[in-house]
Amino acid sequence: GFVPGLFGTSHGALQFMAYEDLKLRYNKYRDRVSDTKLNTVEYIMMAAISKIFAVSATYPYQVVRARLQDQHNTYSGVFDVIHRTWR
């Protein structure tokens, strides 16, 4: 539980990294200065895309963590959970 729980903090870091990169690339694509303010729709789109990226990257970890915490099944470790889930 504890070590896999620490891995969960990467979700926010991945989302922030993707969000900032998307804003930078979008402003470059629009031939604007990199720190140009976006409009409301652009902010919403960047936030949604970065959230989808972060969730896609960290969802498998959340499945493994939840199964490790399940008290109705016994697993010998993380690799056992991954193997049994994949199967």
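Residues numbered from 1 in each chain as written. Predicted model: local features only at pLDDT ≥ 70, side-chain atom pairs only at ≥ 80, totals over all residues. Heavy atoms only, no water.

As recorded in an unreviewed UniProt entry, the chain goes by the name MFTC protein, listed as coming from Ceuthmochares aereus. Its UniProt record gives the chain a comment under Sequence similarities (unreviewed entry), which states: "Belongs to the mitochondrial carrier (TC 2.A.29) family." Per UniProt, the chain carries the Subcellular location (unreviewed entry) text "Membrane". (UniProt positions renumbered as here; feature names shortened; annotations may be inferred.)

Relative to the 28 Å expected for 20 residues at 1.5 Å per residue, helix α2 (residues 10-29) spans 28 Å between its end C-alpha atoms, a close match to the ideal helical length. Along α2, the positions that sit buried rather than exposed are His11, Ala18, Tyr19, Lys23 and Asn27. The arc that holds the buried residues of α2, viewed along the axis, is 155°, so those residues lie on one side. Every exposed residue of α2 that faces more than 90 degrees away from the buried side is listed here: Arg25 and Lys28. Buried residues belonging to α2 abut α3 (40-69). Within two residues after α2, Asp31 carries a phi angle of roughly 55°, on the positive side. (Helix = DSSP H or I, 4+ residues; strand = E, 2+ residues; numbered from the N terminus. Expected span 1.5 Å × (residues − 1). Buried < 20%, exposed > 50% of the residue type's maximum accessible area, 1.4 Å probe, protein only. Arc of directions from axis to C-beta. Contact = heavy atoms within 4.5 Å.)

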